[in-house]
Amino acid sequence: MSESQLVARAIEGDQAAQRALYDAHVDRVYRLAYRVAGDDDLARDFTQEAFIRAFDRLPTFRRESSFGTWLYTIAMSVSLNGIRSIKRLRTREVSIDAAESLGKRDRHADPDLKDRLKRAIEDLPPGYRTVFLMHDLEGYTHEEIGEVLGIQSGTSKAQLFRARARLREVLADFAGAWSA
Amino acid sequence: MSEEKFEAWLKENADDYHRPPTNVPREEMWETIARARQAQRLSPIAERSPVASRRSHVSGRWSSIAGRWPMAVAATLLIGAGIGLGYWMRGPSAEQAPVVASLTSAADSAISSATYDVASVAHLTAVETMLTSFRGDQQTETQASLQRLARDLLATTRLLMDSPAAEDASRRQLLADLEYVLAQIVVLDPNAPAEDRAMVDRAIAREQVLTRIRSSIPAGFSRGN
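In every chain, residue numbers begin from 1 and rise along the written sequence. The naming scheme follows written order: chains are lettered A onward, ligands numbered 1 onward. Local features are withheld for residues below a pLDDT of 70 in this predicted model, meaning they are given only at 70 or higher, and side-chain atom pairs are given and counted only at 80 or more; totals for whole chains, interfaces and linings count all residues.

Check the secondary structure of chain A and you find nine helices and zero strands. The numbering of helices and of strands both runs from the N terminus, where a helix is a DSSP run of H or I of at least 4 residues and a strand a run of E of at least 2. Put simply, chain A runs from its N terminus to its C terminus through helices and strands in the order α-α-α-α-α-α-α-α-α.

Before going further, it helps to examine the overall build of chain B. Helix and strand counts for chain B come out as ten helices and zero strands. Mapped from its N terminus to its C terminus, chain B presents α and β elements in the order α-α-α-α-α-α-α-α-α-α. Across the 225 residues that make up chain B, the buried fraction comes to 32%. Counting contacts in chain B only where the partners sit at least 6 residues apart, residues at least 24 apart contribute 76% of the total. Here exposure depends only on C-beta density: within 10 Å of a residue's C-beta, 20 or more other C-beta atoms make it buried, 12 or fewer make it exposed, and intermediate numbers make it partly exposed, the C-beta atoms being placed from the backbone. Contacts are defined on C-beta atoms placed from the backbone: any two residues whose C-beta positions lie within 7 Å are in contact.

Another point: helix H7 (residues 142-149) of chain A. In an α-helix, one turn spans 3.6 residues, which is why side chains three or four residues apart end up on the same side. Residues and elements named next belong to chain A. Summarising burial for H7: six of the eight residues are buried, a large majority. Along H7, the positions that sit buried rather than exposed are His142, Glu144, Ile145, Glu147, Val148 and Leu149. Gly150 occupies a position one or two residues after H7 and carries a positive phi of about 70°.

Another point: the interface of chain B and chain A. Contact residues are listed per partner, giving 34 residues for chain B and 40 residues for chain A. Sorting elements by how many residues they give to the side of chain B that touches chain A places helix H1 (residues 2-14) of chain B first, with nine residues. When its residues are assigned to classes, the side of chain B that touches chain A shows 17 nonpolar, nine polar and eight charged. All amino acids are sorted into three groups, where Ala, Val, Leu, Ile, Met, Phe, Trp, Tyr, Cys and Pro are nonpolar, Asp, Glu, Lys and Arg are charged, and the leftover types, Gly among them, are polar.

What follows deals with helix H8 (residues 169-186) of chain B. All names here are of chain B. Between its first and last C-alpha atoms H8 spans 25 Å; for 18 residues at 1.5 Å apiece the expected length is 26 Å, and the two agree. Along H8, the residues classified as buried are Arg171, Leu174, Leu175, Leu178, Val181, Leu182 and Ile185. Buried residues of H8, seen end-on, are gathered within an arc of 130° and therefore sit on one face of the element. Residue count minus one, scaled by 1.5 Å, sets the expected span of a helix. This arc corresponds to the set of directions leading from the helix axis out to the C-beta atoms.

Attention shifts here to the nonpolar core. Counting residues in hydrophobic clusters, the biggest one holds 46 residues, and the most contacted among them are Val29, Ala33, Phe46, Ala50 and Ala75 of chain A. Contributions of two or more residues to this core are made by helix H2 (15-37), helix H3 (40-57), helix H4 (67-101), helix H6 (126-137), H7 and helix H8 (153-170) of chain A together with H1 and helix H2 (26-42) of chain B. Both domain 1 (1-104) and domain 2 (105-171) of chain A contribute no fewer than three residues apiece to this core. If you look at the next biggest cluster of nonpolar residues, it comprises 27 residues, including Leu175, Ile185, Val209 and Ile213 of chain B. Connectivity within a nonpolar core runs through C-beta atoms within 7 Å, and the core itself is a set of buried Ala, Val, Leu, Ile, Met, Phe, Trp, Tyr and Cys residues. An automatic or database domain assignment provides the domain bounds reported here.

A separate point is the packing of H8 of chain B against helix H10 (residues 209-216) of chain B. Residue and element names in this part refer to chain B. Lines fitted to C-alpha atoms define the axes here, with helix axes fitted over just the stretch in contact, and angles between the N-to-C directions of these axes take values from 0 to 180 degrees. At a closest axis distance of 11 Å, the pairing of H8 and H10 adopts a crossing angle of 140°. When the axes of H8 and H10 are compared, the pair comes out oblique. For the pair H8 and H10, the sense of crossing is left-handed. Residues Arg171, Leu174, Asp177, Leu178 and Val181 of H8 form the contact with H10, whose participating residues are Val209, Arg212 and Ser216. Here the contact of H8 with H10 is composed, by residue class, of four nonpolar, one polar and three charged. Angles are sorted into four bins: roughly parallel if under 35 degrees, roughly antiparallel if over 145, roughly perpendicular if 65 to 115, and oblique for all others. Left-handed describes a crossing in which the near helix is turned anticlockwise from the far one by less than a right angle; the clockwise case is right-handed.

The next point concerns the confidence of the model for chain A. Residues and elements named next belong to chain A. For chain A, per-residue confidence averages 86 on the pLDDT scale, and 86% of positions sit at 70 or higher. The score called pLDDT rates the predictor's confidence residue by residue, from a low of 0 to a high of 100. The least confident element of chain A is H4, whose mean pLDDT is 75; the most confident is H2, at 96. Taken together, the stretch residues 100-110 has pLDDT below 50 and engages in four contacts with residues farther than four places along the chain or on a different chain.

So, about unusual backbone geometry. A positive phi angle, close to 60°, is found at Arg63 of chain A, a residue other than glycine. You can see Arg63 of chain A is positioned in the loop between H3 and H4. The phi angle at His18 of chain B is positive, at roughly 50°, despite the residue not being glycine. Looking at where His18 of chain B falls in the secondary structure, it is placed in the loop between H1 and H2.

In structure tokens:
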């Protein structure tokens, strides 16, 4: 059965069709959510919420894009809004932690590449980070990213370029590792 | 060339960033989704506010909390009033009343039990919202409002502890732990040093209060939003 037929049946309330759509896309949705959240519980929450919303809104799906793209749009919206709320709540705690470690952390004294890279990615502006995660880590094309995030594919390319440039600048200490 | 090398190096090393586990918990997530959708179909409240209702199924930790705690105030006042009314109607000598075994009393008992269940869940939802707000927002004005709310919730917690709602052992233990945590919040000076707040936070974490509350709230119960 084609995806279009599955969608039609899912709209009518056919649970088997809904399950088939879920099976076809859940891995990708969960991976995206996990890349954004970095936490299994949150990734599950975001994934579940994305599917619940998608099934609710299925009658409004206009088939202007594939079901997958439409679903990933919902998933990214749920994940990004969710993680934004979490960060808002945690801002104070984080700032206290950061203040406590201030002065103890020397840029050159941290030999751990993974930690530095992780921090550098987290410090990217949200738009840059999202495009970087989707393109470089999850393999989405700029066209797909554009559709999912509602931006031009050119904008996606520009954001990726800037994200990489910023990471390169921040990780300049490790230049020997990639220029060797 | 250098740019290409950097991109290749970056992809290789950044792949560990928030790397998803290999096994996706498909079945567990599907069960939650199916339960949530079923509850939506069954619950008239969920039909009126599907998003708000659904959020209760998916932990809701990340959903907007700031706008919800005023609703918790209303909820706790309502629950407190309801429980108080129940006590008043039952009267002080209820425990000495003769036990009459009849279908009617059995039915009344079932209804009463269900009522206390609903009141407990509504109360736990209000407490969860308040505790999450307490942990997330440290502005003095908000804290003062939360403390007022904590006082009301503490009173309701104590009423529930003395009611049939506490007949269930795990719920009784949860209510006792909530009483302890809420009492700490009530007596906390809004201008107290961070260390004092941290003690309350640690108490919440140590007793796994939020996790236990969430697991006590059945799927399909709307927290409002």
